[in-house]
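Working through the structure, step by step
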Amino acid sequence: MTGYATLKGDALGHSWTWDMRSVNAKGLDLRLRVPDWIEGLEPAVRAALSKALVRGSVNLSLRVQKDEEQGALALNKVQLAAVLNALKAAEDAAAEAEVALAPTRGSDLLALRGVLETAVEDTDSKALMAQITVQLPALLQSFKDMRQAEGQALETVLLDQLAQIEALTAQAAEVAEARRAESAAALRSNMERVLENADAVDEARLAQELALLAVKADVMEEIDRLKAHVAAARSLIANGSPIGRKLDFLMQEFNREANTLCSKAQSVDLTRVGLDLKAVIDQMREQVQNVE
């Protein structure tokens, strides 16, 4: 679910930069920083992201800058009138004091602050928003392309881990099958000792207890479920659609079966295989957090 994309644009006297990045999350968490003076921009961006993405903590920022004004020059008549009044008062005062002043030129007046201004047009935020949001599909495609490249690398890792789980499951089945004869012999031996040392034994109750012990020791059901989960995970990965949450659920099921297998093991070899299974499952579960 990690990804990054950036895009720049300019129109209508403005320039902008998109910056979009994401990290892992169980669901979709959108955090947007866009100019609030462009009315309707944030809802439009949020709707586009919600439609295109499924999982991840996504941060998107948009920086919009106004280009340097290149508008037409305009004369501020109010400011000019104030300057002319001040100039006349100064000339009158100079005449009374018999002080000669140099003639005033028009360029001198225009150079005074506020007399000549640059005409600035108001920004049409709706038109600007249309120019900005037209880039959203390209931004999202760039973002998804990067996530897709990461996903392809991750697919190889997940399939390798599934192959390890499959091999360990097959190994557990072999160990369990080899243990079956030993378990049966041990049960018969225990039953004979009980019968020899007991004056009166409820044979039906004894058979029931022995059957219960046999069920508790049988791990083939867990092995069959592990095989089914491997097949389901491979099918999901091959599907190519958003599968992160489904894989999350499968990893819980993988872990449950591995735990049960270890608790039923009653054998050093089978316990070792079960622990190896748990280790690979934990590694795969961490990788699944990166899947959308």
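Here we summarise the structure given alongside this text. Everything numeric here is computed off the predicted structure, so don't read it as measured data. (Residues numbered from 1 in each chain as written. Predicted model: local features only at pLDDT ≥ 70, side-chain atom pairs only at ≥ 80, totals over all residues. Heavy atoms only, no water.)

For the protein, the count of helices and strands is nine helices and six strands. Taken across its 292 residues, the protein has 33% of its residues classed as buried. The contacts in the protein between residues at least 6 apart in sequence include a share of 79% that link residues at least 24 apart. For the protein, the computed accessible surface area is about 17,800 Å², with 53% contributed by carbon and sulfur atoms. (Helix = DSSP H or I, 4+ residues; strand = E, 2+ residues; numbered from the N terminus. Buried < 20%, exposed > 50% of the residue type's maximum accessible area, 1.4 Å probe, protein only. Contact = heavy atoms within 4.5 Å. Areas by Shrake-Rupley, 256 points an atom, 1.4 Å probe, with all protein chains shown as cover.)

Time to look at a nonpolar patch on the surface. A cluster of nonpolar side chains, contributed by Leu75, Leu110 and Leu116, occupies part of the molecular surface with about 240 Å² of accessible area. On the secondary structure map, Leu116 appears in strand β6 (residues 116-118). Note on Leu116: relative accessible area 37%, which makes it partly exposed. (Patch = residues over 30% accessible without salt bridge, like charges linked within 9 Å, V, L, I, M, F, W, Y side chains within 5 Å. Salt bridge = Lys/Arg side-chain N within 4 Å of Asp/Glu carboxyl O.)

Before going further, it helps to spend a moment on the sheet that holds strand β4 (residues 56-66). Strand order across the open sheet formed by four strands is β1-β2-β4-β3, with mixed pairing between neighbours. Two strands bound the open sheet, and with one partner strand each, they are β1 (3-11) and β3 (28-33). On average, each strand axis in the sheet is inclined to that of its neighbour by 10°, with strand direction left out of account. Of the strands in this sheet, β2 (14-23), β3 and β4 are in contact with helix α1 (residues 41-52), which crosses β3 at around 150°. (Pairing = 2+ DSSP bridges. Axes fitted to C-alpha atoms, helices over the stretch in contact; angles between N-to-C directions.)

From the geometry alone we can't say anything about function, so treat these as descriptive.
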